[in-house]
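# Examination of the molecular architecture
Chain by chain, the residues run as shown.
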Amino acid sequence: MEAKGIITMLALAMFVAHQLSVTSAGRIGVCYGTVADNLPSPQEVINLYKKYGIQMMRLFAPTPEILEALRGTGILVSVGVENEDLKVLSSSQESANSWVATHIVLYKDNVTFGWISAGNEVIPGTLAQYVPGAMTNIYNALVNVSLDQIKVTTVVPASALGTTYPPSAGAFKDEVVDVMTQVSKFLQSHGATLMVNVYPYFAYAENSADISLPYAQFAADKPIVDGNLSYYSLYAAMVDCFNAALEKIGAPDVAVVVSESGWPSAGNEPYTSVANAKAYNANLIKSVLSEGTPRRPNQQYDAFLFAMFNEDLKMPAGVEQNFGLFYPNMDPVYPLF
């Protein structure tokens, strides 16, 4: 091979290596909700995850039947501490040790745990005060059994934000600044991520006069400009609101995981439809697998779609029952994977 050709190939190899080193590609999972009376068995659900190559699962509670079905699958699991358990876990290291022994240690040899989330959307709220203590005690329990590679976090909704526009002005509400500062210091200390729920659908449905459908679905022709940053999707803007809010409480190095995002296929026409749900989720997957956000373009972040199934017991009826990617009979609501 001529020297010029060798140099060209070396340059190409160096470029590819550089691109891989700065990749912001994240991973996609799906939330496995169970607020229904007609769902398939856990084993059938796990097989459905495997059939469609879904590599991550978020559980809202440590359901033994589901954890048993996960053995040996290699699916990366986020498991939730139920909100009603936060108070006792916050006040008692013994209770936290017992929780970890029952729900984690029992399955540690062949279930792949990535995260334990201490509470779901309790900040802001009366249970918020228990989150930092519960996180600390659960972490200590993991250390005691040499499982502290599992990251402890919590799940925060958009209602924790007081300022959301423009994204650079993103800030937590005054009432949650103290608890979010405690949470973020914990996450910084242990190299963990903050889980956040991000739903452009609700913002669009509530304010379609000012928010266009293309902007809500990753398809805007013209960006929303915030200083030197340009936003072509409401999703990216919402994620960066959390990033900006974290920076304002001294946690610029804390990354986020999107613990829920999705679009309902029915229940609030014309905002909901199969076409809208498919477009949003397909574009969300494409975005997560290929890019970061304008504020953090080279930062990898993962996302969980909500949810695996339409859940007939969720309330209120309508939209909340129609976020599923699959019907309870395991047929897809629309082709996605």
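The sections below set out a description of the structure shown in this document.

How each quantity is defined
- Residues numbered from 1 in each chain as written.
- Predicted model: local features only at pLDDT ≥ 70, side-chain atom pairs only at ≥ 80, totals over all residues.
- Heavy atoms only, no water.
- Helix = DSSP H or I, 4+ residues; strand = E, 2+ residues; numbered from the N terminus.
- Buried < 20%, exposed > 50% of the residue type's maximum accessible area, 1.4 Å probe, protein only.
- Pairing = 2+ DSSP bridges.
- Right-handed = clockwise from strand over helix to strand, strands pointing away.
- Contact = heavy atoms within 4.5 Å.
- Salt bridge = Lys/Arg side-chain N within 4 Å of Asp/Glu carboxyl O.
- Phe/Tyr/Trp six-rings, centres within 6.5 Å; stacked < 30°, edge-to-face > 60°.

Further remarks concern unusual backbone geometry. Geometrically, the link from Tyr165 to Pro166 is a cis peptide bond, its omega value of -10 degrees lying close to zero. You can see Pro166 is positioned in the loop between β6 (161–163) and β7 (171–172). Omega for the peptide link from Glu269 to Pro270 comes to 10 degrees, which places this bond in the cis form. Considering the arrangement of structural elements, one finds Pro270 in the loop between β11 (256–261) and α11 (274–290). In this structure, Glu121 takes a positive phi of about 55 degrees despite not being glycine. Judged by its relative accessible area of 36%, Glu121 is partly exposed. With phi around 70 degrees, Phe218 is a residue other than glycine that occupies positive phi space. By the element assignment, Phe218 lies in the loop between α9 (213–216) and β9 (224–226). Look at Phe218 and you get buried, because its relative accessible area is 18%.

This next bit is on the pairing of β11. Of all six residues that make up β11, six are buried, and the element is covered over most of its length. Of the strand pairs in this sheet, β11 and strand β12 (residues 303–305) are connected by two bridges, and their pairing is parallel. In the strand pairing of β12, Val258 is matched with Ala303. As a crossover connection, the stretch from β11 through α11 into β12 is right-handed.

Time to look at the side chain of Glu260. Relative to the elements of secondary structure, Glu260 occurs in strand β11. Filtering out sequence-adjacent residues up to four positions away, Glu260 remains in contact with Cys31, Arg58, Phe60, Asn120, Val196, Asn197, Val198, Tyr199, Phe304 and Phe306.

What follows covers the pattern of salt bridges. Under the definition given, this model contains six salt bridges. Residue Asp302 pairs with Arg27 through a salt bridge whose shortest N-O separation is 2.7 Å. Separated by 275 residues along the polypeptide, Asp302 in the loop between α11 and β12 and Arg27 in the loop between α1 (3–21) and β1 (28–32) bring together distant segments of the chain. In this structure Arg27 comes out as partly exposed when scored by relative accessible area, which is 36%. Across the salt bridge formed by Glu68 and Arg71, the nearest N and O atoms sit 2.9 Å from each other. What makes Glu68 partly exposed here is its relative accessible area of 39%.

Evaluated as defined, the whole model comprises 20 aromatic pairs. Measuring from ring centre to ring centre gives 6.5 Å for Tyr32 and Tyr49, while their planes differ by 45 degrees; the resulting arrangement is tilted. Here Tyr32 is found in strand β1, whereas its partner Tyr49 is found in helix α2 (residues 42–51), with 17 residues between them in sequence. Each member of the pair, Tyr32 together with Tyr49, is buried. Aromatic side chains Trp115 and Phe304 sit 5.7 Å apart centroid to centroid with 75 degrees between the ring planes, which places their arrangement in the edge-to-face category. Placement of the pair is Trp115 in strand β4 (residues 112–120) and Phe304 in strand β12, with a sequence separation of 189 residues. Here the aromatic cluster, defined as three or more aromatic residues joined through ring pairs, consists of Phe60, Tyr199, Tyr201, Phe202, Tyr204, Phe218, Tyr235, Trp263, Tyr271, Tyr280, Phe306 and Phe323.

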